[in-house]
Amino acid sequence: MITIFNMTGKVAVVTGAARGLGRAFTEALLKRGDKVCFCDVDNFGDDNVQFLPCDVRKDQEFTDFFNRVIQKYNTVDIMINNAGILNENQWRKTVDINLTAVIHGSLLAMEHMRNRSNSGGLILNVSSLAGVMPVSFCPAYTASKHGVIGFSRSWALQPEVRKNRIRIACLCPSFTDTDIIKGTYDSRVHGPELARRVMNSYELMVTDRVTEAFLRILDDLDNNGKVMMVTPTRGNDNDNDNETEPTISGLCRIQDKQLLAKLSSGDVIAQKMKYHPSCLAAVYRERAKKRQTEAENSCTQEKNMMKETALAELVTYFFETRRNSEESVVFRLADLAYLYEERLTQLGSSSAQVHSTRLRDKLLQKMPELEAHTKGRDVLLMFKKDI
Ligand SMILES: NC(=O)C1=CN([C@@H]2O[C@H](COP(=O)(O)OP(=O)(O)OC[C@H]3O[C@@H](n4cnc5c(N)ncnc54)[C@H](O)[C@@H]3O)[C@@H](O)[C@H]2O)C=CC1
Ligand SMILES: CCCCCC(=O)CC\C=C/C=C/C=C/[C@@H](O)[C@@H](O)CCCC(=O)O
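Model, not experiment: these values are computed from the prediction. (Residues numbered from 1 in each chain as written. Chains lettered and ligands numbered in written order. Predicted model: local features only at pLDDT ≥ 70, side-chain atom pairs only at ≥ 80, totals over all residues. Heavy atoms only, no water.)

Colleague: What is the right way to look at the overall build of the chain in this model?
Modeller: Counting its secondary structure elements, the chain contains twelve helices and ten strands. Counting across all 387 residues of the chain, residues that qualify as buried make up 43%. Within the chain, contacts between residues at least 6 apart in sequence are counted, and of these 65% link residues at least 24 apart. Entry remark: accessible area of the chain is about 20600 Å², with carbon and sulfur atoms responsible for 50%. (Helix = DSSP H or I, 4+ residues; strand = E, 2+ residues; numbered from the N terminus. Buried < 20%, exposed > 50% of the residue type's maximum accessible area, 1.4 Å probe, protein only. Contact = heavy atoms within 4.5 Å. Areas by Shrake-Rupley, 256 points an atom, 1.4 Å probe, with all protein chains shown as cover.)

What follows is the structure, given as structure tokens:
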């Protein structure tokens, strides 16, 4: 685990913080003793914090706002890209604010944090549960929130980001009691009736619940690339084992198929049921097992991706070296294994030990124009036409 730095007493920027979640996040940061500079298109007055009007959709305005924060505080440690709207009739504006401005805000922060002599920083992008699942009544909003996650996770993998101790994470709340969900009742969504029904099937969260998760992800020093979901019953990814009464959405999440079948056949009514403690324990055991498998799968996927990246770079290195060399080139497998291992470590792989025979086979498979020869204790790789 990489320890980056303690986040309290820092300078934070929050976009879209005149109300709703942004305002709640700002208040929580102030309580911790951080300095906060926030912006919004709406006005807001409070002497304790610095407010600057800024429409994050306007590139120059956003850049100027960010630079003014640096002028005032000399630094930015935390960047919260929170501003967001939901309006399917104005889908371009929705994408501009929810995704394009998040990209812009992240790049501004990264550029600044990269030059801070290795003291790093946190970029927290506010996505949504709609960033991880389809939502039929607001496709553009959903696309923008999916985009935020894709963008953040991709940067999080970059060696440059890790090297500079920058962390990029996402927060994905479910429906929360703020102004944005009022749009679900009017023409800003496709099918307000369906939106209302879906929303009613979810328990509405208070902003405090999301703020609690927000503070956790802020304090988690190992959160680069993390996507934290916040739902009424799960709270966040870590604490969730205090449900004693089943709700339909809760049951869907934990996949208690037997009980779901009973409910759908009309045998029982959700509100009237309680779990027997040992059944509940079994359900939680099952869920913990499922989560572990999911975590392992995603870990394996990430490792495979790193291996693919490192191998692709090695292949490029081969061809570049060959192209730039007047003479024939010979590569020692041991050197290549070392380079490959180094690159995997840079990419963040925790178990980067390389099996050199396997690496040789992979390279020969990727580059049929190569041949391997043994010379003493060395295995050498060279282009066939150079032999
Ligand atoms: N409330 C909810 O159910 C959920 C909200 N979210 C996300 O949380 C974030 C915050 O939303 P809420 O606080 O819920 O909504 P909200 O509508 O209460 O707050 C959004 C804030 O962003 C500001 N804003 C809008 N356009 C802006 C622009 N161009 N430049 C600067 N500021 C701008 C608004 O003036 C407002 O103060 C959004 O990204 C939203 O998508 C995610 C999941 C659930
Ligand atoms: C709609 C307002 C969104 C603004 C705030 C959010 O970002 C909250 C989004 C969070 C969760 C949305 C989940 C929606 C799920 C449904 O699509 C799905 O559970 C079931 C849908 C059934 C259907 O579409 O027929």
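Colleague: Before we go on, may I ask you to explain the site of ligand 1 in this structure?
Modeller: Neighbouring residues of ligand 1: 28 residues in total, closest Leu21, Asp40, Tyr141, Thr176 and Thr178. Interatomic distance of 2.7 Å between a backbone N/O atom of Leu21 and an oxygen atom of ligand 1. Thr178 is positioned such that a nitrogen or oxygen atom in its side chain is 2.5 Å from an oxygen atom of ligand 1. Breaking the shell around ligand 1 down by element, the ones donating at least two residues are helix H1 (20–31) and helix H4 (139–157). Considering only residue class, the shell around ligand 1 consists of 14 nonpolar, nine polar and five charged. (Near = heavy atom within 4 Å. Polar contact = N/O pair within 3.5 Å; in protein donor to acceptor, adjacent residues only side chain to side chain. Nonpolar A, V, L, I, M, F, W, Y, C, P; charged D, E, K, R; others polar.)

Colleague: I keep staring at the site of ligand 2 and nothing clicks. Help me out?
Modeller: Near ligand 2 you find 15 residues, and of these Ser128, Ser136, Phe137, Tyr141 and Thr184 are the closest. A distance of 2.6 Å separates an oxygen atom of ligand 2 from a polar atom in the side chain of Ser128. Within the side chain of Tyr202, an N or O atom sits 3.2 Å from an oxygen atom of ligand 2. Relative to its unbound accessible area of 640 Å², ligand 2 is 79% covered by the protein chains.

Colleague: Mind showing me how you'd approach the nonpolar core here?
Modeller: Buried together is how nonpolar side chains tend to be arranged in soluble globular proteins. By size, the foremost hydrophobic cluster in this structure holds 25 residues, and its most contacted members are Phe25, Leu29, Ile80, Leu171 and Phe214. When contributions to this core are tallied by element, the ones reaching two or more residues are strand E1 (11–15), H1, strand E2 (35–40), strand E4 (78–81), strand E5 (121–126), strand E6 (166–173), helix H7 (207–219) and strand E7 (227–230). Ranked by the residues each element gives to this core, the list is headed by H7, at five residues. Excluding residues that lie within four positions of it along the chain, Phe25 makes contacts with Ile80, Asn82, Val126, Leu171, Val210, Thr211 and Phe214. In terms of nonpolar packing, the next biggest core, distinct from the first, is built from 24 residues, Val13, Val56, Phe62 and Leu108 among them. (Core = buried A, V, L, I, M, F, W, Y, C linked by side-chain atoms within 4.5 Å.)

Colleague: What exactly am I supposed to notice about the environment of Ile166 here?
Modeller: For Ile166, the position within the fold is in strand E6. Ile166 gets classed as buried once you look at its relative accessible area, which sits at 2%. Apart from the residues lying within four places of it in its own chain, the contact partners of Ile166 are Met110, Met113, Arg114, Gly120, Gly121, Ile123, Val161 and Asn224.

Colleague: Looking at this structure, how should I read the packing of helix H11 (residues 333–347) against helix H12 (residues 356–366)?
Modeller: Helix packing for two helices is described by the angle between their axes and how far apart those axes are. Relative orientation of the contacting elements H11 and H12 amounts to 95 degrees, with a least axis distance of 10 Å. Of the possible angle classes, the one that applies to H11 and H12 is roughly perpendicular. Contacts between H11 and H12 involve Leu333, Leu336, Ala337 and Tyr340 from the former and Ser356, Leu359, Arg360, Lys362 and Leu363 from the latter. Residue composition of the contact of H11 with H12, by class: six nonpolar, one polar and two charged. (Axes fitted to C-alpha atoms, helices over the stretch in contact; angles between N-to-C directions. Parallel < 35°, antiparallel > 145°, perpendicular 65-115°, else oblique.)

Colleague: What am I meant to see in the sheet that holds E2 here?
Modeller: Whether parallel or antiparallel, the strands of a sheet pair through hydrogen bonds between backbone atoms. Spatial strand order, E3-E2-E1-E4-E5-E6-E7: seven strands in an open sheet with parallel pairing. In this open sheet, the two edge strands, each paired with only one partner strand, are strand E3 (50–53) and E7. Sheet twist, expressed as the average angle between the axes of neighbouring strands with direction ignored, equals 15 degrees. As judged from the four bridges shared by E2 and E3, these two strands associate in the parallel manner. Counterpart to Asp40 in the pairing with E3 is Pro53. (Pairing = 2+ DSSP bridges.)

Colleague: Honestly, the confidence of the model for the chain in this entry has me stumped. Any pointers?
Modeller: Atom-level detail of predicted coordinates should not be read off regions where pLDDT is low. Across the chain, the average pLDDT comes to 82, with 81% of residues at or above 70. The model gives residues 1–6 a pLDDT under 50, and that stretch makes 15 contacts with residues more than four places away or in other chains. Every residue in residues 262–274 is under pLDDT 50, and counting partners more than four places away or in other chains gives 15 contacts. Two numbers describe this predicted complex: its pTM, 0.67, and its ipTM, 0.94. (pLDDT = per-residue confidence, 0-100.)

Colleague: Got a minute to help me understand the pattern of salt bridges in this structure?
Modeller: Any two side chains of opposite charge can pair, so long as their charged atoms come close to each other. Within the structure shown, the criterion is met by 17 salt bridges. Between Arg196 and Glu193 there is a salt bridge, with its nearest N and O atoms 3.4 Å apart. Taken together, the positions of Arg196 and Glu193, both in helix H6 (residues 192–201) and three residues apart, correspond to about one turn of that helix. With a shortest N-O distance of 3.4 Å, Asp378 and Arg332 are connected by a salt bridge. (Salt bridge = Lys/Arg side-chain N within 4 Å of Asp/Glu carboxyl O.)

Colleague: Would you take a moment to explain the packing of aromatic side chains for this structure?
Modeller: Centre-to-centre distance and the angle between the planes together describe a pair of aromatic rings. Enumeration according to the criterion identifies six aromatic pairs in this entry. Aromatic side chains Phe38 and Phe51 sit 5.3 Å apart centroid to centroid with 50 degrees between the ring planes, which places their arrangement in the tilted category. Within this pair, whereas Phe38 is found in strand E2, its partner Phe51 is found in strand E3, the two being separated by 13 residues in sequence. In this structure, Phe38 and Phe51 share a single accessibility class: buried. With a centroid separation of 4.0 Å and an interplanar angle of 40 degrees, the aromatic rings of Phe318 and Phe331 are classed as tilted. Placement of Phe318 in helix H10 (residues 277–323) and of Phe331 in strand E8 (residues 330–332) is noted, with a sequence separation of 13 residues between them. (Phe/Tyr/Trp six-rings, centres within 6.5 Å; stacked < 30°, edge-to-face > 60°.)

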